[in-house]
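# Residue-level structural notes
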Amino acid sequence: MDQNNYKRTKKTDGKKKTSSKNKKPMSKASIIKRILLWAVLIGLVMLVLGSFLFAYYASKAPAFSEEKLKDPVPARIYDKNDELVTTLYQGQKRELVDIENVPEQMKNAVLAIEDDRFYEHGAIDFIRLGGAVLSNVTDGFGSEGASTVTQQVVKRAFLTSEKSLERKAQEAYLAYRLEQEYSKDEIFEMYLNKIYYSDGIYGVRTASQYYFDKELDELNLAESAYLAGLPQLPNRYNLYVDAETGTKRAHTVLYQMLNHERITEEQYNEAVETDITANLVERSEEERADIEPEDPELAAYINVVKRELQDHEKFENMDVSEALASGLDIYTNMDSNIQRQLQSMTDNEDYYYNPKFQSEHFNIASTILDTETGNLVAVSGGRDYREVVNHNQALVPRNAGSTMKPFLAYGPAIENMRWRTDHEIEDEDEYQPDGFENSIYNYDMQDHGEVTMRDALRQSFNIPAVKTFETVQEEAGEDAPREFAEKAGLDYSDKGEGNYTLSFNDVLGGRESTFTPMQMAEAYSTLGNGGTYNEAQSIRYVETDEGETVEFESESHKAMEDYTAYMLTDMLKGTFEPYGSADFIQMDGLNVAAKTGTTSYSGDVREQYNLPDNAAKDAWIVGYTPEYTMSVWTGFTATEEDGETSFVGQDEHITPQWFFRDIMQSISTYNGQDFQQPDSVVDIAGGELAVKGSEELKSYEDEQEEREQAEEERRQQAEQQLKEQEEAERQAEEESTEEETTEESTVEETTEESTEEDSTEEETTEEPTEEESTEEETTEEPTEEETTEEPTQEEETEESQPEEEPTEESTDDAA
């Protein structure tokens, strides 16, 4: 039985082995079929999922609007109170054109470069799409586009330039909708009337008139090619900006026209040889397209708004003009009343009595921030600022002069070494900084001896500032001043190709200490805000025409310790006090701190233009209250002989201070608000301040204790001396009394003897008695005088006692 079982088991095993050996491998055709089957299944799944995803994205597409297809929707600007202040109608008046009036030459140029098969495909050109996909795989994503004219119309009318799957799906859906409702000619006409051509120009007919002063049918082939290629990168290909680049773009279009057989080779060669600038309308910057709002007082602020808009990730892939033509509602931090007042006063040439400051070469720029939040309240871009014509002077870097001293000298000293405000620095009449061959001087060429940090800062002495800078580098590290300034927004990392080394000259606002009025306002608002840096911000949020809310955020961080910010602020309040650098102006009723600054010319420039030694090229003031921070820069756009376009002498150096005073006094609420002293700051004698727990405070307290001990010892010594003097006087008085008593006894004895002798000689008694009486009276008089002199000496001693008190008061003052 065991054997049978064994055999059956063996037989079974044999069958399994035989079955395994007889199993046939899958053929190559079967494998291919399986792969294809799986591919089809996966494809079907992907198609279904893709369809659902496409449907989902399409459902979120913007509403289809005929109004948007025709004209851009202007952006609207709102102030901090959500009040509409202006509407931005971009560009010149648009000259529309009907498709039947567009010459074939222009149509061919546009189609050759944008969509050669426009009249042959539907909403999407799948052949071109396939080529673009292949190009993107081989050359990288975005290397070639496949958007049709139809897609470009819907993109400009309804969408942003964001590159995402969702936007592409919405673009395809809307393009399909557009092709269903409009003919090809109608869509092409929309494109030609809607496209942007730089300088605020929309529409091909408007562009033809603007650049060449011609109607479309008057353009030559090269000019038509230029206008057809301009919209891809309008500001880059603008002939007024870069004629060479614009010409190359026109040649690219001509090549594509030849490639697609829309022109002959002869026409191509002739057009390439044509100078497209020959008929270009000559325009100065002042004559170029005016895209300013109707309110020129708002132009500088709107310029900042555009910059922030373009820097936001939502709009960074769009031309800013396109974004502003897409129906945005922009909610800002602008105080429209302050903005109008600031720019109006800037534009008023009669504000200054000096003809020098009424000239075309003089300019002024200013920034006003909310001290606590950093919100941009108002900004002046310069006199008669216009965006297309001028640079926004509030955003142009300038040498900052002595306004750098708090950030490269005294601030780092307090932050790192915790100096007291009465820390003493040795001033000199001249000083040679480390590694510098020549000497530097104070503005008044004087040596002020031992000066406190407070006086050195508020009076803006140069030598103590440079010495402080050098001390900080020695004790806190060479990079300490730079790091402190950069945390307050004054960044040197891009100076000198990224490897710039600070020097004493930067402390005085020279060399690479070039910053914009807006940056200086940001830095000083950090001091008024307890040491927290807030980047200036104009936009709060934006609402798109689709109802989407786009939030705007700005950088904010702790830049310094609160004690550093407060102690600098407390010292900078002294700028307006007697002998301060701004003591010419009064800021009554406001708790305001500020720093002034001027920048000088190099020796070569002074010699070349015969400039006085005290001539300055820039004059600054940056100040702040708990409510507002304001920076004011003044300067000249040209250098002329004998200081005609320079600030000469102190009377002209203070030019920006009057402007600062009048604006700040006008806009402030006068609510009595003051800067709050933090717990980390301790009051010491004479209104000075120290950092709680610092070595300098301990040193001060030790000095005070020593003074008090010395005073106590002097007081005890004085008391002891007084007691000893009183005891000596008492003993002297007792001895004097004893002497008087002895003298009186002697006189009495003598009188008695004389009387006895007189009794024996009765006849002669009367006369000697009278004489004796006289002698007695004479003898008593000196005793009375001695008695009278004793109190006199005591009174003199009492009057001399308080003479120690003035000495004590003087010591307190010195402490």
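Residues numbered from 1 in each chain as written. Predicted model: local features only at pLDDT ≥ 70, side-chain atom pairs only at ≥ 80, totals over all residues. Heavy atoms only, no water.

## Looking at the overall build of the protein
Looking only at helices and strands, the protein has 29 helices and 19 strands in total. For the protein, the proportion of its 815 residues judged to be buried stands at 46%. Looking at the protein alone, contacts between residues at least 24 apart form 71% of all its contacts between residues at least 6 apart. Carbon and sulfur atoms make up 44% of the accessible area of the protein, which amounts to about 42800 Å² in all. (Helix = DSSP H or I, 4+ residues; strand = E, 2+ residues; numbered from the N terminus. Buried < 20%, exposed > 50% of the residue type's maximum accessible area, 1.4 Å probe, protein only. Contact = heavy atoms within 4.5 Å. Areas by Shrake-Rupley, 256 points an atom, 1.4 Å probe, with all protein chains shown as cover.)

## Quick word on the sheet that holds strand 2 (residues 84-88)
Across a sheet, paired strands are connected by hydrogen bonds in the backbone, their directions being either parallel or antiparallel. An order of 2-1-3-11-12 is seen for the five strands of this open sheet, with the pairing classed as mixed. Looking at the sheet topology across the chains shown, the edges are occupied by strand 2 and strand 12 (549-551). On average, each strand axis in the sheet is inclined to that of its neighbour by 20°, with strand direction left out of account. (Pairing = 2+ DSSP bridges. Axes fitted to C-alpha atoms, helices over the stretch in contact; angles between N-to-C directions.)

## Considering helix 10 (residues 221-229)
Of all the nine residues making up helix 10, nine are buried; the element is thus mostly covered by neighbouring parts of the structure. For helix 10, the set of buried residues is Leu-221, Ala-222, Glu-223, Ser-224, Ala-225, Tyr-226, Leu-227, Ala-228 and Gly-229. Those residues of helix 10 hidden inside the fold are in contact with helix 4 (104-114), helix 9 (204-212), helix 11 (234-237), helix 12 (243-259) and helix 13 (265-272). If you check the start of helix 10, you find a side-chain oxygen 3.1 Å away from the backbone N of Ala-222, and it comes from Asn-220. (Polar contact = N/O pair within 3.5 Å; in protein donor to acceptor, adjacent residues only side chain to side chain.)

## Quick look at the pairing of strand 3 (residues 329-332)
Side chains Asp-329 and Tyr-331 of strand 3 all project onto a buried face; the interleaved residues Ile-330 and Thr-332 project onto the opposite face, where all are buried too. Where strand 1 (residues 75-78) and strand 3 come together, three bridges link them in parallel fashion. The residue bridging Arg-76 from the neighbouring strand is Asp-329, located in strand 3. Strand direction decides the pairing type here: strand 3 and strand 11 (residues 539-543), joined by four bridges, are antiparallel. Looking across to strand 11, one finds that Asp-329 is bridged to Glu-543.

## Observations regarding the pairing of strand 14 (residues 593-600)
Counting buried positions along strand 14 gives six out of eight residues, so the element sits mostly inside the fold. Sheet analysis places strand 14 next to strand 15 (residues 615-624), joined by eight bridges and oriented antiparallel. For Ser-600, the partnering residue across the bridge sits in strand 15 and is Ala-616.

## Details of unusual backbone geometry
Positive phi values are uncommon outside glycine, yet Met-445 reaches one of about 60°. In this structure, Arg-511 is a non-glycine residue whose phi angle is positive, near 45°. Here Arg-511 is to be found in the loop between helix 21 (504-507) and strand 9 (514-515).

## With respect to the packing of aromatic side chains
Aromatic ring pairs are defined here through the distance separating the ring centres and the angle between the ring planes. Under the definition given, this model contains 29 aromatic pairs. When the ring of Tyr-78 is compared with that of Tyr-331, the centres are 4.4 Å apart and the planes differ by 10°; the resulting orientation is stacked. One end of the pair, Tyr-78, is in strand 1; the other, Tyr-331, is in strand 3, with 253 residues separating them in the sequence. Both residues of the pair, Tyr-78 and Tyr-331, belong to the buried class. Between Phe-118 and Phe-188, the ring centres sit 5.8 Å apart and the planes meet at 50°, which makes this aromatic pair tilted. (Phe/Tyr/Trp six-rings, centres within 6.5 Å; stacked < 30°, edge-to-face > 60°.)

## Overview of helix 22 (residues 517-528)
When the terminal C-alpha atoms of helix 22 are compared, their 17 Å separation across 12 residues agrees well with the 16 Å that a helix rising 1.5 Å per residue should span. The buried count for helix 22 comes to 11 of 12 residues, which makes it a mostly enclosed element. Taken together, the buried positions of helix 22 are Pro-517, Met-518, Met-520, Ala-521, Glu-522, Ala-523, Tyr-524, Ser-525, Thr-526, Leu-527 and Gly-528. (Expected span 1.5 Å × (residues − 1).)

## What about a negative patch on the surface?
A contiguous patch of negative charge, built from Glu-424, Glu-426, Asp-429, Glu-430, Asp-447 and Glu-450, is present on the exposed surface. Taking relative accessible area as the criterion, Asp-447 reaches 43% and is therefore assigned partly exposed. (Patch = residues over 30% accessible without salt bridge, like charges linked within 9 Å, V, L, I, M, F, W, Y side chains within 5 Å. Salt bridge = Lys/Arg side-chain N within 4 Å of Asp/Glu carboxyl O. Lys, Arg positive; Asp, Glu negative; His and termini not counted. Charge placed at Lys NZ, Arg CZ, Asp CG, Glu CD.)

## Some words on the confidence of the model for the protein
Scored by pLDDT, the protein has a mean of 83; 80% of the residues are at 70 or more. This model gives residues 759-815 a pLDDT under 50, and the stretch forms 27 contacts once residues within four places in sequence are excluded. (pLDDT = per-residue confidence, 0-100.)

## Considering the environment of Asp-115
With respect to the secondary-structure elements, Asp-115 resides in the loop between helix 4 and helix 5 (126-139). Since its relative accessible area comes to 1%, Asp-115 is described here as buried. For the pair Asp-115 and Val-149, spaced 34 residues apart in sequence, the C-alpha separation works out to 6.1 Å.

## Overview of the environment of Val-73
Its place among the elements puts Val-73 in the loop between helix 3 (66-70) and strand 1. Relative accessible area serves as the criterion here: at 26%, Val-73 is assigned to the partly exposed category. For the pair Val-73 and Leu-324, spaced 251 residues apart in the sequence, the C-alpha separation amounts to 8.0 Å.

## Concerning the nonpolar core
Membership of the largest hydrophobic core comes to 56 residues, with the highest contact counts inside it found for Phe-188, Tyr-197, Tyr-211, Tyr-226 and Leu-227. Broken down by secondary-structure element, the contributors of at least two residues to this core are helix 4, helix 6 (149-158), helix 7 (165-181), helix 8 (184-194), helix 9, helix 10, helix 12 and helix 13. Filtering out sequence-adjacent residues up to four positions away, Tyr-226 remains in contact with Tyr-211, Phe-212, Tyr-237, Asn-238, Leu-239, Gly-246, Ala-250 and Ile-276. Within the second largest apolar cluster, 51 residues are counted, among which are Ala-413, Leu-457, Met-567 and Val-691. (Core = buried A, V, L, I, M, F, W, Y, C linked by side-chain atoms within 4.5 Å.)

## Considering the packing of helix 12 against helix 13
At a closest axis distance of 10 Å, the pairing of helix 12 and helix 13 adopts a crossing angle of 175°. Taken together, the axes of helix 12 and helix 13 are roughly antiparallel relative to one another. Every residue of helix 13 that contacts helix 12 at His-251, Leu-254, Tyr-255 and Leu-258 is listed here: Glu-265, Tyr-268, Ala-271 and Val-272. In the contact of helix 12 with helix 13, the residues fall into six nonpolar, one polar and one charged. (Parallel < 35°, antiparallel > 145°, perpendicular 65-115°, else oblique. Nonpolar A, V, L, I, M, F, W, Y, C, P; charged D, E, K, R; others polar.)

## Thoughts on a nonpolar patch on the surface
On the surface, Leu-37, Trp-38, Val-40, Leu-41, Ile-42, Leu-44 and Met-46 cluster together into a nonpolar patch covering about 740 Å² of accessible area. The residue Leu-37 is located in helix 2 (residues 28-59) in this model.

## Quick word on the pattern of salt bridges
Overall, the coordinates contain 30 salt bridges when judged by the stated rule. The salt bridge partner of Asp-295 is Arg-340, with a shortest N-O separation of 3.7 Å. Placement of the pair is Asp-295 in the loop between helix 13 and helix 14 (299-311) and Arg-340 in helix 16 (residues 336-347), with a sequence separation of 45 residues. Assessed through its relative accessible area of 28%, Arg-340 is described here as partly exposed. Each of Glu-95, Arg-205 and Glu-215 takes part in one network of salt bridges that share partners.

## Section: the side chain of Thr-371
Its place among the elements puts Thr-371 in the loop between strand 4 (362-370) and strand 5 (376-380). Assessed through its relative accessible area of 1%, Thr-371 is described here as buried. In contact with Thr-371, other than residues within four places in its own chain, are Ser-525, Gly-528, Asn-529, Tyr-624, Thr-625, Pro-626, Glu-627, Tyr-628 and Thr-629.

## What about the side chain of Thr-516?
Among the secondary structure elements, Thr-516 is positioned in the loop between strand 9 and helix 22. Judged by its relative accessible area of 8%, Thr-516 is buried. A polar atom in the side chain of Thr-516 sits 2.9 Å from the backbone nitrogen of Gln-519. Discounting chain neighbours no more than four positions away, the residues touching Thr-516 are Ala-394, Leu-395, Val-396, Pro-397 and Trp-620.

## Here we look at the packing of helix 4 against helix 10
Two packed helices can be described by the angle between their axes and the distance between those axes. Two elements in contact, helix 4 and helix 10, have axes whose closest approach is 9 Å; the angle formed by their N-to-C orientations is 45°. If you check the angle between helix 4 and helix 10, you find them oblique. Crossing hand, helix 4 versus helix 10: right-handed. Counting all contacts with helix 4, which are made through Gln-105, Met-106, Ala-109, Val-110, Ile-113 and Glu-114, the residues of helix 10 involved are Leu-221, Ser-224, Ala-225, Leu-227 and Ala-228. Residues of the contact of helix 4 with helix 10, tallied by class, amount to eight nonpolar, two polar and one charged. (Left-handed = near helix turned anticlockwise from the far one by under 90°.)

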